[in-house]
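Examination of the molecular architecture
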Amino acid sequence: MESKKYLDDLSSIKDLMSRSSRFISLSGLSGIMAGIYALTGAAITYLFLLPEPGEYITLHSWNFKIIIAILMGVVILSVTTAYLLTAKKAKKNDEKIWDNTTKRLLTSFLVPLAAGGIYILIKLSSQHYGLTGSLMLIFYGLALINASKYTLSNIQYLGYAELILGLICAAFPGFGFWFWIIGFGFFHIIYGSLIYLKEEKS
């Protein structure tokens, strides 16, 4: 009997330590919505903004600026949705949404992402467009892997998937748009769905 109580106490301590060192209120639904936003933005871009075969979008063209605006819209919608759903889940689980763990999580995620964004802008300003999709996937994957130690550990698998997809995309630069759809659209929906189903079971 005492042995069982001892094991229960150890389990409680372990759970408490995990909660104090990790931010675990990420919502699976936010991943699904991020994927839907990405697919919607990609559909608009494909139908109205992509150039004809043999043509290119220049850095100062209106189409390029609109594509950047759509990309920023996808990011803003994804971040806003993630914050609202995560805040709701954190409140339900009686967890703080902003503490030292959250700060470490954001730092670990944003540093490689910001470095990647700056590098991509440098490449675009030099009119090197071919690897843009690949670089986005690679740096996003690295950001997820780097941040996984402060949140749900299985998010690292999404990071590895994005990283591998980005490397494959680098070998086929002419198909970057389609790899981007797979990585930011379908991978998010699949990962978010798995997390959401796990949440529902628990």
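Up top is the structure.
Heads up: these notes are all about the structure in this document. (Residues numbered from 1 in each chain as written. Predicted model: local features only at pLDDT ≥ 70, side-chain atom pairs only at ≥ 80, totals over all residues. Heavy atoms only, no water.)

If you walk through the whole model with that rule in mind, you get seven aromatic pairs. Their ring planes at 85° and their centres at 6.2 Å tell us that Phe109 and Tyr140 sit as a pair that is edge-to-face. One end of the pair, Phe109, is in helix H4 (residues 100–125); the other, Tyr140, is in helix H5 (residues 132–147), and 31 residues separate them in sequence. Feature note: the residues Phe109, Tyr140, Trp180 and Phe184 constitute an aromatic cluster, connected by ring pairs. Here Lys65 stacks its cationic end above the ring of Trp62, 5.2 Å away from the centre of that ring. (Phe/Tyr/Trp six-rings, centres within 6.5 Å; stacked < 30°, edge-to-face > 60°. Helix = DSSP H or I, 4+ residues; strand = E, 2+ residues; numbered from the N terminus. Lys NZ or Arg CZ within 6 Å of the ring centre and 35° of its normal.)

Once that is clear, we can look at the environment of Gly31. Tracing the chain through its elements places Gly31 in helix H2 (residues 28–48). For Gly31, a relative accessible area of 14% corresponds to the buried category. Gly31 sits 159 residues away from Ile190 along the chain, and the two C-alpha atoms are 8.4 Å apart. Ignoring anything within four residues of it in the chain, the contact list for Gly31 reads His188, Ile189 and Gly192. (Buried < 20%, exposed > 50% of the residue type's maximum accessible area, 1.4 Å probe, protein only. Contact = heavy atoms within 4.5 Å.)

Among the nonpolar cores identified, the biggest contains 19 residues, and Leu137, Trp180 and Phe184 are the most heavily contacted of them. Secondary structure elements with two or more residues in this core: H2, helix H3 (62–92), H5, helix H6 (155–171) and helix H7 (176–201). Not counting chain neighbours up to four residues away, the residues in contact with Trp180 comprise Ala38, Ala42, Leu71, Met136, Leu137 and Gly185. Ile120, Leu124, Leu135 and Phe139 belong to the second largest nonpolar core, which has five residues in total. (Core = buried A, V, L, I, M, F, W, Y, C linked by side-chain atoms within 4.5 Å.)

Turning to the environment of Ala38, a few remarks are in order. Following the sequence through the fold, Ala38 ends up in helix H2. Residue Ala38 is classed as buried on the basis of its relative accessible area, which comes to 4%. Considering only alpha carbons, one finds Ala38 and Trp180, 142 residues apart in sequence, at a separation of 8.9 Å. For Ala38, the contacting residues outside a window of four places in its chain are Val74, Trp180, Phe184 and Gly185.

What follows covers the packing of H2 against H3. In the contact formed by H2 and H3, the axes pass within 9 Å of each other and the chain directions differ by 165°. By the angle class used here, H2 and H3 are roughly antiparallel. Pair H2 / H3 crosses with right-handed handedness. Listed contacts from H3 to Leu29, Ser30, Met33, Ala34, Tyr37, Ala38, Gly41, Ile44 and Thr45 of H2 are Ile67, Ile70, Val74, Leu77, Ser78, Thr81, Ala82 and Leu85. Split into classes, the residues belonging to the contact of H2 with H3 amount to twelve nonpolar, five polar and no charged. (Axes fitted to C-alpha atoms, helices over the stretch in contact; angles between N-to-C directions. Parallel < 35°, antiparallel > 145°, perpendicular 65-115°, else oblique. Left-handed = near helix turned anticlockwise from the far one by under 90°. Nonpolar A, V, L, I, M, F, W, Y, C, P; charged D, E, K, R; others polar.)

With that settled, consider the packing of H4 against H5. Where H4 meets H5, the closest approach of the two axes is 7 Å, and the angle between their N-to-C directions is 165°. Comparing their axes, H5 and H4 come out roughly antiparallel. Where H4 crosses over H5, the handedness of that crossing is right-handed. Touching Leu105, Ser108, Phe109, Pro112, Leu113, Gly116, Tyr119, Ile120, Lys123 and Leu124 of H4 are Thr132, Leu135, Met136, Phe139, Tyr140, Leu142, Ala143, Leu144, Asn146 and Ala147, all from H5. A breakdown of the residues in the contact of H4 with H5 according to their chemical character gives 15 nonpolar, four polar and one charged.

Together, Ile44, Tyr46, Leu47, Phe48, Leu50, Tyr157, Tyr160, Ile164, Ile168, Phe172, Phe175 and Trp178 make up a nonpolar patch on the protein surface, roughly 1300 Å² of accessible area in all. Of all elements in the fold, only H2 and H6 reach the threshold of two or more residues within the nonpolar patch. With respect to the helices, strands and loops of the structure, Tyr46 is situated in helix H2. Judged by its relative accessible area of 45%, Tyr46 is partly exposed. (Patch = residues over 30% accessible without salt bridge, like charges linked within 9 Å, V, L, I, M, F, W, Y side chains within 5 Å. Areas by Shrake-Rupley, 256 points an atom, 1.4 Å probe, with all protein chains shown as cover. Salt bridge = Lys/Arg side-chain N within 4 Å of Asp/Glu carboxyl O.)

Here we come to H3. Here H3 contains 31 residues, and its C-alpha end-to-end distance of 45 Å stays within 8% of the 45 Å for a straight helix at 1.5 Å per residue. Buried residues of H3: Phe64, Ile70, Val74, Ser78, Thr81, Thr86, Lys89 and Ala90, and no others. Backbone geometry just after H3 places Asp94 at a positive phi near 60°. (Expected span 1.5 Å × (residues − 1).)

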